[in-house]
Amino acid sequence: MNDQHTAKAFDIDLQDIARMVAEMGGLAEKQVADSVDALAKRDTTLAQRVTAADSAIDALQREIEEKSVLTIARRQPMAVDLRDIVGALRLANDIERIGDLAKNIAKRVIALNAEFPPPKLIRGVEHMTDLVLEQLKAVLDAYARRDDNKAMAVWRGDEEIDAVCTSVFRELLTYMMEDPRNITCCIHLMFCAKNIERMGDHATNIAETVHYIIDGNPITERRPKGDTTTIPALTGA
Amino acid sequence: MVYLYLAGLFVLVAVGYLFGRARAKAAADTEALHSRPPYHGAFVGLSIIAPMLLLLVIGLPIADRMIVNQALQTFDPTVMSDDLRRGVALRDITALATGKYTGEPTLALRQAADTYASLRAWTYNLILAGGLVVGLLGAAFGFRSLSASFRARNHVERAVKILLLAAASVAVLTTIGIVFSVLFETVRFFERVSPFEFLFGLQWSPQTAIRADQAGSSGAFGIVPLVTGTLLITGIAILIAGPIGLFAAIYMAEYATPRFRAFAKPILEILAGIPTVVLGFFAALTLAPIIRETGESMGLNVASESALAAGIVMGMMIIPFVSSLSDDVINAVPQSLRDGSYAMGATRSETVKKVILPAAFSGIVSAMMLAISRAVGETMIVVMAAGLAGNLTFNPLAAVTTFTVQIKTILVGDQEFDSAKTLAAFALGFVLFFFTLTLNIIAMQIVKRYREQYD
Amino acid sequence: MNSMVQVKQSDAEGAAPGLGVKPKVIARDVNVFYGDKHALKGVNLDVPARAVTALIGPSGCGKSTFLRCINRMNDTIPICRVTGKIEIDERDIYDPTLDVVQLRARVGMVFQKPNPFPKSIYENVAYGPRIHGFAKTKAELDEIVAGSLRKAGLFEEVKDRLQESGTGLSGGQQQRLCIARAIAVNPEVILMDEPCSALDPIATAKIEELMDELRENFTIIIVTHSMQQAARVSERTAFFHLGYLVEEGRTEEMFTKPKDQRTQDYITGRFG
């Protein structure tokens, strides 16, 4: 779609930005998968690798910002081009946050240091991760294809993650109450679950941005939400 | 001979050009040329033309003079000191040499003619040969200069510049030459008649007597009547042509539809093409009687040849000048100024009056000045319609006369070229020249002062 | 033909900033022909009062033609024919009883190239008031001239040389002089036909700044080739293409999310 400008170099600029965003998204997906993998397999080496790899995402974000600012200054983009670039900036921001969250999970894996909670509990977190990764993949795909319907599907699909998150919290709470020695590892796990839930929120943000790029209008309808509280399990308990 | 020389020149130049170009083309295969091949060719051509023309222009007159002198020496050395006899002898010699002599030539003449003919043939051959040599030398020089890095283009450019400069100089030198030749005769006139009397005398009757005892032998050379006559007629003409021409121009440029304009403008310009003789007899035979009758019916005393008739017709003559030039300058006023004025809510006439005329003012003034110059210099109409009488008057109904008419009158018929009467013509011409020069300078000042830079 | 045009009445009322209760200029089904050429095709447009409306579009799209309809400058072109209706304050300006001179006193115009008259700065500004007899005394005229120059942001620069020629000013100053000349007759609408296209960026910025001030008192319609300029100075933007008014709306929306694909292509630089 960005291949009909009178100034061909403009097309190339826009394509470069889009490509960098896609690359960044791919990296972030891998980071998320790896971090949770490290958690599940109690693999501190993998966790360390994830921590180290985050800088690549940060570097890409800076690059996208620079390129975007330069393109705005140089081309004075209008309408869809302007939304494209502004959208890319926002996407880069969200993806960078997702990368940070994955890094945070990896750090917690290192901190747990063999004091892992039972796999039963981790399975819930893994399930959440699968859902989030699916969302993330879908929304990045929607961005690459400029597919508004797909983006909107992601935007509406966050509900399930929230629900799983709530149930994970409840489980962890029960476990902690059973034996106070579990509290440390359960708190870490709780934060991991929270991080993954946040990733889901970023995925919906991305979906909103993609919708804005394509449509030009912010989403006006209200997002379906099963539960509005941050830690529903606690209030529920 | 000259034709042969020029033909040879042409051939040499053509060959030189082709060779120069071909050589440059060949060189271009191996090296990058500074100048394109035609310039190389042109350079070779120029290095042939220049020396050959120089030889012809300088050599031919010198050779001619030498031949003539030699022939005259052979004929009779004593004729050299006497211009008249020298001329006669020379005419005879050349006539005999070219076979046009009628009658029986004397021996001396025959010898002189033989000398003349043989010398002539010999020198001409010499010049032809010399031209060939010089041309070939030039060609050699040109060829030697050629190389890939040779800046032929620059040299050719310089040659073009010199050629153009020469053309410009001819125009300027001609003007200066004319001025000086008139000036010298004027000085001679002032040796006979005092400048004071000439410039301020109120009487003009240049008929000096051929014999001392004739009546009216004194002659009077006061130009004041001519000045007034010229001013009167020119004034009437510009009074007619100025407004009419300007208004016509405004109509053409601002109001007329393109179709009307396309049809009317050429017709108006035809008026400029009518020979002044025709206008003159129109003035004398049609207009002057009408004026006289009209005047007499009103109880006025009108001369049959009046300044008014001449002035009106002269005005008609210069209308196309005023209108055509004014039309051009009005059209040169940018459309954006008109738009600006209309957009302010100005009407067409307000726009013309307040924007277009001020903007075109300098151009209109120069158009008027040109028309005046033309009117001042006009002769025919005045001769036919205004008469010859040097009356000192501002009455448009009287007969008056002008500079040009007097110059023409003085010089028509057989003249002695050293009488005050004849020389007066040059003095008049000089004054007339001075007059129009002043007009032009004034016009230039006005144009400079009020010129608007549109872009 | 009207399908090409989107004039949303709902949009015109209330929603747009600067759009009063009644539009200042209303164009309905305006067609312009130059000889056989159909230059403007069924244009409908509402122009809000005391706001800047930008007309954009590629060269030859009819935007200048439309602009010149509003003060009937097209009348000066013999082969030009205008049909349809244009109203200013609900008065049809093509009504035969309406005097074009009076219309043009109400609708000022500033041109692409600064075109000060070859007169003094003072006389340039005094031109309109003199023609229309606005000033009874010299003092009144002085006041109008000074006031107009002040409004055009030029007074401080030229107050000491009012008698010097207007053509001696710089390009930007000349254009502000032309604006001063236009506002000297206190028009209600000012038409600007690419007023900055011959100016450098600084002079352009000054003119834009000036327009920002003028919008409080005047209805401004500007034709511009610079999308950035349209985006900067105008409240509403109309996009013309091939003689049609393709899209019209609030400037913010036109430049971030135009509805018509042609508008999108034009403002993003995708026209072939």
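Participant: Explain the overall build of chain A to me, please; I cannot follow it from the model alone.
Facilitator: Helices and strands together make up the secondary structure of chain A, namely eight helices and zero strands. Listed N to C, the secondary structure of chain A is α-α-α-α-α-α-α-α in terms of helices and strands. A compact globule built from 237 residues should have a C-alpha radius of gyration of about 18 Å, and chain A, at 19 Å, falls within 12% of that. With respect to the principal axes defined by its C-alpha atoms, chain A has extents near 70 × 40 × 20 Å. For chain A, with 237 residues in total, the buried portion stands at 51%. Partitioning the intrachain contacts of chain A with sequence separation of at least 6 by distance along the chain shows that 83% fall at a separation of at least 24. Within the structure as shown, chain A displays about 11000 Å² of accessible surface, and the carbon and sulfur contribution to it stands at 52%. Charge centroids of chain A, computed over 30 positive and 39 negative side chains, lie 2 Å from each other.

Participant: What should I look at first to understand the domain arrangement of chain B in this one?
Facilitator: Frequently, the measure chosen for interface size is the accessible area removed from exposure when the parts meet. As far as domains go, chain B holds domain 1 (2-150) and domain 2 (204-450). When each unit is reduced to the centre of its C-alpha atoms, the spacing between domain 1 of chain B and domain 2 of chain B is 50 Å.

Participant: What exactly am I supposed to notice about the interface of chain C and chain A here?
Facilitator: Of the residues lining the interface, 13 residues belong to chain C; the matching set on chain A comes to 16 residues. For the pair chain C and chain A, the two sides together bury roughly 1100 Å², of which 50% comes from carbon and sulfur. There are one salt bridge connecting chain C and chain A. For Arg270 of chain C, the salt bridge identified is with Asp81 of chain A, shortest N-O distance 3.0 Å. Our count for the contact surface shared by chain C and chain A stands at nine residue pairs in polar contact (both at pLDDT 80 or more). Going through the elements one at a time, helix 9 (227-233), helix 10 (251-256) and helix 11 (261-267) of chain C are the ones with two or more residues in the side of chain C that touches chain A. Among the elements that line the side of chain C that touches chain A, the one with the most residues is helix 9 of chain C, at three residues. Grouping the amino acids of the side of chain C that touches chain A by side-chain chemistry returns six nonpolar, five polar and two charged.

Participant: How should I be thinking about the packing of aromatic side chains in this particular structure?
Facilitator: The description of an aromatic ring pair rests on the distance of the ring centres and on the angle between the ring planes. Taken as a whole and assessed by the stated rule, the structure comprises 14 aromatic pairs over all chains. Ring centres of Tyr251 of chain B and Phe260 of chain B lie 5.7 Å apart, and the angle between their planes is 80 degrees; on these two criteria the pair is classed as edge-to-face. According to the relative accessible area criterion, Tyr251 of chain B is partly exposed, its value standing at 41%. Among the aromatic residues, those joined into a cluster by ring pairs are Tyr251, Tyr255, Phe260 and Phe263 of chain B. A cation over a ring is seen here: Arg81 of chain C above Phe33 of chain C, with NZ or CZ 4.4 Å from the ring centre.

Participant: Can you help me understand the environment of Arg90 of chain A in this one?
Facilitator: Residue and element names in this part refer to chain A. By the secondary structure assignment, Arg90 is in helix 3 (residues 79-112). Between the alpha carbons of Arg90 and Gln15 there is a distance of 16 Å; along the sequence they are 75 residues apart. Not counting chain neighbours up to four residues away, the residues in contact with Arg90 comprise Thr209 and Tyr212.

Participant: What exactly am I supposed to notice about the interface of chain B and chain C here?
Facilitator: Every contact between the two is made by 18 residues of chain B and, on the other side, 24 residues of chain C. Across the interface of chain B and chain C, roughly 1800 Å² is buried in total on both sides, 62% from carbon and sulfur atoms. Counting the surface chain B buries against chain C, the share from its top three residues, Ala343, Met344 and Lys354 of chain B, is 35%. Connecting chain B to chain C are zero salt bridges. The tally of links from chain B across to chain C stands at five residue pairs in polar contact (both at pLDDT 80 or more). When residues of the side of chain B that touches chain C are traced back to their parent elements, those giving at least two are helix 11 (335-343) and helix 12 (348-377) of chain B.

Participant: Help me understand the pairing of strand 9 (residues 236-241) of chain C in this model?
Facilitator: Remark: a regular strand shows side chains that alternate across the two faces of the sheet. Residue and element names in this part refer to chain C. Counting buried residues along strand 9, six of its six residues qualify, which places the element largely inside the surrounding structure. In strand 9, alternate side chains face the same way, and those of Arg236, Ala238 and Phe240 on one face and Thr237, Phe239 and His241 on the other are all buried. Relative to strand 9, strand 3 (residues 52-56) runs parallel, the two sharing four bridges. The residue of strand 9 that forms the bridge with Ala54 is Thr237. Sheet topology places strand 9 next to strand 10 (residues 244-250); six bridges connect them, and they run antiparallel. The partner of His241 across the bridge, within strand 10, is Tyr244. Here strand 9 folds back onto strand 10 in antiparallel fashion, the turn holding two residues, of which Leu242 has a positive phi close to 50 degrees.

Participant: Just to check I follow, could you spell out the sheet that holds strand 5 (residues 91-92) of chain C for this structure?
Facilitator: The strands making up a sheet are joined through hydrogen bonds of the backbone, oriented either antiparallel or parallel. All names here are of chain C. Pairing in this open sheet of four strands is antiparallel, and the strands run 2-1-4-5 from one edge to the other. The two strands at the open ends of the sheet, each matched to only one other strand, are strand 2 (37-47) and strand 5. When strand 1 (residues 25-34) meets strand 4 (residues 80-88), the two strands line up antiparallel, connected through eight bridges. By the bridge assignment, Phe33 is partnered in strand 4 with Arg81.

Participant: When you look at the pairing of strand 7 (residues 189-193) of chain C in this model, what are you seeing that I'm missing?
Facilitator: All names here are of chain C. In terms of residue burial, strand 7 counts as a mostly covered element, since five of its five residues are buried. Bridge count between strand 6 (residues 107-110) and strand 7: four bridges; the pairing is parallel. Its bridge partner being in strand 7, Met109 is matched across the sheet by Leu191. Here strand 7 runs beside strand 8 (residues 219-223); their pairing, made up of five bridges, is parallel. The residue of strand 8 that forms the bridge with Ile190 is Ile220.

Reading the values: rules and limits
- Residues numbered from 1 in each chain as written.
- Chains lettered and ligands numbered in written order.
- Predicted model: local features only at pLDDT ≥ 70, side-chain atom pairs only at ≥ 80, totals over all residues.
- Heavy atoms only, no water.
- Helix = DSSP H or I, 4+ residues; strand = E, 2+ residues; numbered from the N terminus.
- Rg over C-alpha atoms; globule rule 2.2 N^0.38 Å.
- Buried < 20%, exposed > 50% of the residue type's maximum accessible area, 1.4 Å probe, protein only.
- Contact = heavy atoms within 4.5 Å.
- Areas by Shrake-Rupley, 256 points an atom, 1.4 Å probe, with all protein chains shown as cover.
- Lys, Arg positive; Asp, Glu negative; His and termini not counted.
- Charge placed at Lys NZ, Arg CZ, Asp CG, Glu CD.
- Domains from an automatic or database assignment.
- Buried area = accessible area lost by both parts, 1.4 Å probe.
- Salt bridge = Lys/Arg side-chain N within 4 Å of Asp/Glu carboxyl O.
- Polar contact = N/O pair within 3.5 Å; in protein donor to acceptor, adjacent residues only side chain to side chain.
- Nonpolar A, V, L, I, M, F, W, Y, C, P; charged D, E, K, R; others polar.
- Phe/Tyr/Trp six-rings, centres within 6.5 Å; stacked < 30°, edge-to-face > 60°.
- Lys NZ or Arg CZ within 6 Å of the ring centre and 35° of its normal.
- Pairing = 2+ DSSP bridges.

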